[in-house]
Amino acid sequence: MRTAQESRLGYVNSRRGLASAGILASQLFVDSYRRSRRLQTALESRGYDGELRVLPMRYRHDSLLPWLGLGLAASLCLAWWLT
């Protein structure tokens with residue numbers, strides 16, 4: 001959708017970009033809502049009455065991950081600086 005908006009000059013200035021981003025966000029919300037309703041209807045029509053497992057609202061991150069990212073970025077900068 002964003003590519004289509006860009007091809008129609010939807011992001012040429014900040015005002016138009018903000019309007020295009022709003023349209024994009026609202027369309028994505030409507031599409032995801034319709035998809036979830038279709039999924040719920042399909043599950044109910046097949047007699048599914050159990051609990052649908054989804055990801056938790058709060059995801060626990062590993063505390064080592066930011067340090068690994070920082071180390072990787074530093075090593076790439078060092079390799080670029082040495083070449």
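## As for the confidence of the model for the protein chain
Averaged over the protein chain, the pLDDT score is 87; the fraction of residues at 70 or greater is 100%. Mean pLDDT in the protein chain bottoms out at helix α1 (residues 2-7), which sits at 81, and peaks at helix α3 (residues 65-82), which reaches 94.

## What about a nonpolar patch on the surface?
Where nonpolar side chains cluster on the molecular surface, the patch consists of Leu 64, Leu 65, Trp 67, Leu 68 and Leu 70 and spans about 580 Å² of accessible area. Here Leu 68 falls in the exposed class, since its relative accessible area comes to 53%.

## Topic: α3
The end-to-end C-alpha distance of α3 is 26 Å, a good match for the 26 Å that 18 residues give at a rise of 1.5 Å each. The element α3 is barely covered by neighbouring structure, given that only zero of its 18 residues are classed as buried.

## A few points about the environment of Ala 74
For Ala 74, the location among the structural elements is in helix α3. Ala 74 sits in the partly exposed class, given a relative accessible area of 43%. In this structure the C-alpha to C-alpha distance between Ala 74 and Arg 58, which are 16 residues apart in sequence, comes to 29 Å.

About the criteria used
Residues numbered from 1 in each chain as written. Predicted model: local features only at pLDDT ≥ 70, side-chain atom pairs only at ≥ 80, totals over all residues. Heavy atoms only, no water. pLDDT = per-residue confidence, 0-100. Helix = DSSP H or I, 4+ residues; strand = E, 2+ residues; numbered from the N terminus. Patch = residues over 30% accessible without salt bridge, like charges linked within 9 Å, V, L, I, M, F, W, Y side chains within 5 Å. Areas by Shrake-Rupley, 256 points an atom, 1.4 Å probe, with all protein chains shown as cover. Salt bridge = Lys/Arg side-chain N within 4 Å of Asp/Glu carboxyl O. Buried < 20%, exposed > 50% of the residue type's maximum accessible area, 1.4 Å probe, protein only. Expected span 1.5 Å × (residues − 1).

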